[in-house]
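Observations on the model geometry
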Amino acid sequence: MQAGVPAFRPERKSEEMRLFDLNIFALISILLISGCRSSQQDIPAVEPTPGAFAAPSSPVPTPSPILPNLQSEILDNRNRATTSPIGAFDFRNHTYELPRGWQNPDGTADITLVNGRVPRVDRNIREEMDDAEKAEARAERRIGMSYVTTKYLDATGDGVDEAVVILKVETGGAAIPQIVHIFAWRDSKPEIIWPFRTGDRADGGLKDIRAENGELVIELYGQDRFLLGQTETGKITGDEEQLCCPTYFTRTYYRWNGNAFLLTRKRLTFSINDPRAPAQENLGDKMNAVEKSKK
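Now for a description of the structure that goes with this document. (Residues numbered from 1 in each chain as written. Predicted model: local features only at pLDDT ≥ 70, side-chain atom pairs only at ≥ 80, totals over all residues. Heavy atoms only, no water.)

1. Things to note about the packing of aromatic side chains
Considering all chains together, one arrives at nine aromatic pairs under this definition. A ring pair is formed by Phe249 and Phe270, whose centres lie 5.2 Å apart and whose planes are at 15°; its orientation type is stacked. Of this pair, Phe249 sits in strand β12 (residues 248-256) while Phe270 sits in strand β14 (residues 268-271); the two residues are 21 residues apart in sequence, bridging distant segments of the chain. We note that Phe249, like Phe270, is buried. These aromatic residues form a ring-pair network of at least three members: Phe89, Phe91, Tyr96, Phe183 and Trp185. The ring centre of Phe249 lies 4.2 Å from the NZ or CZ of Lys207, which sits over that ring. It is Arg265 that lies over the ring of Tyr253; its NZ or CZ is 4.0 Å from the centre. (Phe/Tyr/Trp six-rings, centres within 6.5 Å; stacked < 30°, edge-to-face > 60°. Helix = DSSP H or I, 4+ residues; strand = E, 2+ residues; numbered from the N terminus. Buried < 20%, exposed > 50% of the residue type's maximum accessible area, 1.4 Å probe, protein only. Lys NZ or Arg CZ within 6 Å of the ring centre and 35° of its normal.)

Right, dumping it as structure tokens:
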């Protein structure tokens, strides 16, 4: 062995390396543990979101559609006052003529309102009754009536207002037929010049009545619905719709000839759903012509 050169001792070198490796391993372990703890401290705890697993809510009910007010025009503020003496008359307490189709079973053709009303009188018909008892019960029945409103119009075109009194027939059900009486003021009292009836809502019910340029304008709900004397006409072919919600109305013009109101122009049917649509003239006549052509 050469002098000055230290002898090689493998067992000592191995022991030093083992100590060095242990120190490195320990240092790495400490760093790893510290990093894990730091990472855990930085991550916030996740809590469940309230309602995340709640049962589905019940469906919200759809509100019912709002039904149209079919009386809005006859109950508005137009033509509520007049300077004519007829404006002071009390039509809530008066006797009215009943138009055809609404007379009482016993044949009486008038009805007297007291404070704007007369109650309906019913009589039940039972199977065990004999024919005479049934006839007597039918004869005792009376229709009911209630006052709706009065409009003051120059219906005759003479420059003086007449009174248009609108009454509702009390049927005991949901129907709303009406009776209209037009009175002139003669000899210091009202004199009836035209009583007529109208149908039930979409089925020929009264929409509006007014005076224009010397003519009386009447509008009834339905297609080509107008007045013939004291009664409203029936439905034309295809005019089927819900009573609550008419989709058409008919406008007609009448002129007083000194004895009666006469239809003066073509009957005009208008669409309620499409106000811009042109009016159809005398629609019932056209429908009848089509039906005849099919035969």
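Back to the text.
2. Some thoughts on the sheet that holds strand β3 (residues 117-118)
The antiparallel open sheet is built from five strands, whose spatial order is β3-β4-β5-β6-β7. The sheet is open, and its two borders are formed by β3 and β7 (189-198), each paired with just one other strand. (Pairing = 2+ DSSP bridges.)

3. A few points about the environment of Arg210
Mapped onto the secondary structure, Arg210 falls in strand β8 (residues 206-212). With a relative accessible area of 14%, Arg210 lands in the buried category. Spatially, the C-alpha atom of Arg210 lies 8.9 Å from that of Tyr152, the residues being 58 residues apart in sequence. When sequence neighbours within four positions are dropped, the list of residues in contact with Arg210 reads Arg78, Leu153, Glu215, Leu216, Val217, Glu219 and Arg251. (Contact = heavy atoms within 4.5 Å.)

4. Observations regarding the pairing of β8
With five of seven residues buried, β8 is to be regarded as a mostly interior element. As paired strands, β8 and strand β9 (residues 215-221) are joined by six bridges and run antiparallel to one another. Its bridge partner being in β9, Arg210 is matched across the sheet by Val217. Hairpin connection between β8 and β9: a loop of two residues separates the two successive antiparallel strands, and Asn213 in this loop has a positive phi of roughly 50°.

5. So, unusual backbone geometry
Note: most peptide bonds trans; most residues except glycine with negative phi. A positive phi angle is found at Asn115, which is not glycine, with a value near 55°. Inspection of the secondary structure assignment puts Asn115 in the loop between β2 (110-112) and β3. On the basis of relative accessible area, Asn115 is assigned to the exposed category, the value being 64%. Residues other than glycine seldom take positive phi values, yet Asn282 does so here, at roughly 45°. With respect to the element layout, Asn282 can be found in the loop between β15 (280-281) and α3 (283-294). For Asn282, a relative accessible area of 18% puts it in the buried group.

6. Regarding the side chain of Ser84
Secondary-structure assignment places Ser84 in the loop between α1 (10-42) and β1 (95-97). Excluding its chain neighbours within four sequence positions, the residues that come into contact with Ser84 are Val160 and Asp161.

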